[in-house]
Amino acid sequence: MSPRPSSPHPPEGEQTIDTGTCEIVRDRDVPGWLLLVNGQPSSHLADDPHVLAFEYMRWMAAIIRAHSDGAPETAGTPRLRGLHLGGAGCALPRYLVAEYPGSHHRAVEVDAALAAGVRDWFDLPRAPGLRIRVDDARRAVDTAHPGAYDLVVRDVFAGDRTPDEFIGPRFAGQVHAALSPGGLYVVNCGPAAAGSVTSIRADAAGVAEVFAHVAVVAPMSVLRGRTRGNVIIAGSDRPIGGAALSAALLSDQSPAHLLSDDAARSFATPSRDRPGGTRSAEQSHAEARSAQGPAHRAR
């Protein structure tokens, strides 16, 4: 899949978009471009589309690779049909098109000016490899045909927080309906405050209520609440990963640990919330949000 021709030099500096501003910065350490949206690092597009600079995206890619490589092939169907909620610079779908020629991806971005801009600024694949849909991510899931996707990625933030409507078993159930049998749901989430894992547990619990298999990926220092960092949650009705995925994550330049199934569920639901307790995933999420205070402006 050849990339769409773009400017050889995206316009460095600040640009006005519908939801505020974005800034494009040249990265010479990992050759490519850093995209900040309303001051938040949002995407890194390396000159080589096979390279991912953000560690959490490499962890996501490792999960997707392990799951996709174990999936049965269906004649006449693209190897991977992905829905990406939160488009920004479309770094992950760009990478997946490069890694899986013939795969089809749809990125959903609420900001029309940003969606148009990244098409002009960066070497993104053409349709049908990558389509960018200007829409609300929640509506994109609500209107998806049953079984339309093999992969759904949630990377949606308001400031440094995920909006409430994307967390919990209700939304996870809608994603499940949009996935093909054995499809994969991958979530990027992070603690709302340094050292806090309460909101992450609530997010993981919502996924665990819906999917037969669940995984949580992050450095142990983050999972233990010692440091702030990204946490990846994955759900599927097929087993996720295994020894090979665990080894791949630990060998990354930013190593991460894999918690699968029982270990992931134990992380998501502390002993006081297990059967015999009184709180559901929705209640845990509400408690986490109450402790965090008001939301940040959408980026």
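Residues numbered from 1 in each chain as written. Predicted model: local features only at pLDDT ≥ 70, side-chain atom pairs only at ≥ 80, totals over all residues. Heavy atoms only, no water.

S.K.: An account of the pattern of salt bridges is requested, with residue identities and associated values reported.
M.R.: Pairs can form between side chains of opposite charge whenever their charged atoms are close. Under the criterion given, the structure shown has eight salt bridges. Between Asp47 and Arg26 there is a salt bridge, and its shortest N-O distance comes to 3.1 Å. Placement of the pair is Asp47 in the loop between β4 (40-46) and α1 (55-69) and Arg26 in strand β2 (residues 20-27), with a sequence separation of 21 residues. Classification of Asp47 by relative accessible area gives partly exposed; the value is 40%. A relative accessible area of 25% places Arg26 in the partly exposed class. When the shortest N-O distance is used, the salt bridge between Arg81 and Asp150 registers 2.9 Å. Linking Arg81 in strand β5 (residues 81-85) with Asp150 in strand β8 (residues 149-154), this pair joins segments that are 69 residues apart in sequence. By relative accessible area, Arg81 is classed as partly exposed at 22%. Owing to a relative accessible area of 17%, Asp150 belongs among the buried residues under this scheme. One network of salt bridges, in which partners are shared, links Arg133, Asp135 and Arg139. (Salt bridge = Lys/Arg side-chain N within 4 Å of Asp/Glu carboxyl O. Helix = DSSP H or I, 4+ residues; strand = E, 2+ residues; numbered from the N terminus. Buried < 20%, exposed > 50% of the residue type's maximum accessible area, 1.4 Å probe, protein only.)

S.K.: Residues and numbers for the packing of aromatic side chains, please.
M.R.: Taken as a whole and judged by the stated rule, the model has four aromatic pairs. An angle of 85 degrees between the planes, with centres 6.2 Å apart, marks the rings of Trp121 and Phe122 as edge-to-face. Looking at Trp121, the relative accessible area reads 12%, which means it is buried. Look at Phe122 and you get buried, because its relative accessible area is 2%. When the ring centre of Trp33 is taken as reference, the NZ or CZ atom of Arg26 above it lies at 4.8 Å. The ring of Phe267 carries Arg201 above its face, with NZ or CZ at 4.7 Å from the centroid. (Phe/Tyr/Trp six-rings, centres within 6.5 Å; stacked < 30°, edge-to-face > 60°. Lys NZ or Arg CZ within 6 Å of the ring centre and 35° of its normal.)

S.K.: Please give an account of the sheet that holds β8 that cites residues and values.
M.R.: Reading across from one edge, β7-β6-β5-β8-β9-β11-β10-β12 is the order of the eight strands in this open sheet, with mixed pairing throughout. Edge positions in the open sheet fall to β7 (130-134) and β12 (257-260), since each of these has one partner strand only. Strand-to-strand twist across the sheet, computed as the mean angle between neighbouring axes with direction ignored, equals 15 degrees. Taken together, the five bridges between strand β10 (residues 213-218) and strand β11 (residues 231-236) define a ladder with antiparallel strand orientation. Within β11, the position partnered with Val217 by the bridge is Ile232. Contacting β8, β9 (179-189), β10 and β11, helix α6 (residues 198-210) crosses the sheet at an angle of about 10 degrees to β11. (Pairing = 2+ DSSP bridges. Axes fitted to C-alpha atoms, helices over the stretch in contact; angles between N-to-C directions. Contact = heavy atoms within 4.5 Å.)

S.K.: Describe the confidence of the model for the chain, with residues and values.
M.R.: On average, residues of the chain score 85 in pLDDT, and 82% of them are at 70 or above. Taken together, the stretch residues 1-7 has pLDDT below 50 and engages in 24 contacts with residues farther than four places along the chain or on a different chain. Here residues 272-281 is modelled with pLDDT under 50, and outside its nearest four sequence neighbours on either side it reaches 16 contacts, counting other chains as well. (pLDDT = per-residue confidence, 0-100.)

S.K.: I'd like a description of the pairing of β9, backed by residues and values.
M.R.: Within a regular strand, the side chains alternate between the two sheet faces. The buried count for β9 comes to ten of eleven residues, which makes it a mostly enclosed element. Note that β8 and β9 share five bridges and pair parallel. Within β9, the residue paired with Val153 across the bridge is Val186. Bridge analysis of β9 against β11 gives six bridges, and the strand direction is antiparallel. Looking at β11, one finds that Leu184 is bridged to Ser236.

S.K.: For unusual backbone geometry, give the residues involved together with the corresponding values.
M.R.: Most peptide bonds adopt trans geometry, and most residues besides glycine take a negative phi value. In this model, Ala127 is joined to Pro128 through a cis peptide bond whose omega is 10 degrees. On the secondary structure map, Pro128 appears in the loop between α3 (112-121) and β7. With phi around 50 degrees, Asn38 is a residue other than glycine that occupies positive phi space. Note on placement: Asn38 falls in the loop between β3 (32-37) and β4. Even without glycine at this site, Ala88 takes up a positive phi of about 45 degrees.

S.K.: Any chance you could break down α1 for me, citing the residues and the numbers?
M.R.: Helix length check: α1 (15 residues) gives 21 Å between terminal C-alpha atoms against 21 Å at 1.5 Å per residue, within 8%. Within α1, eleven of the 15 residues are buried, which leaves the element mostly enclosed by the surrounding structure. Buried within α1 we find Tyr56, Met57, Arg58, Trp59, Met60, Ala61, Ala62, Ile63, Ile64, His67 and Ser68. (Expected span 1.5 Å × (residues − 1).)

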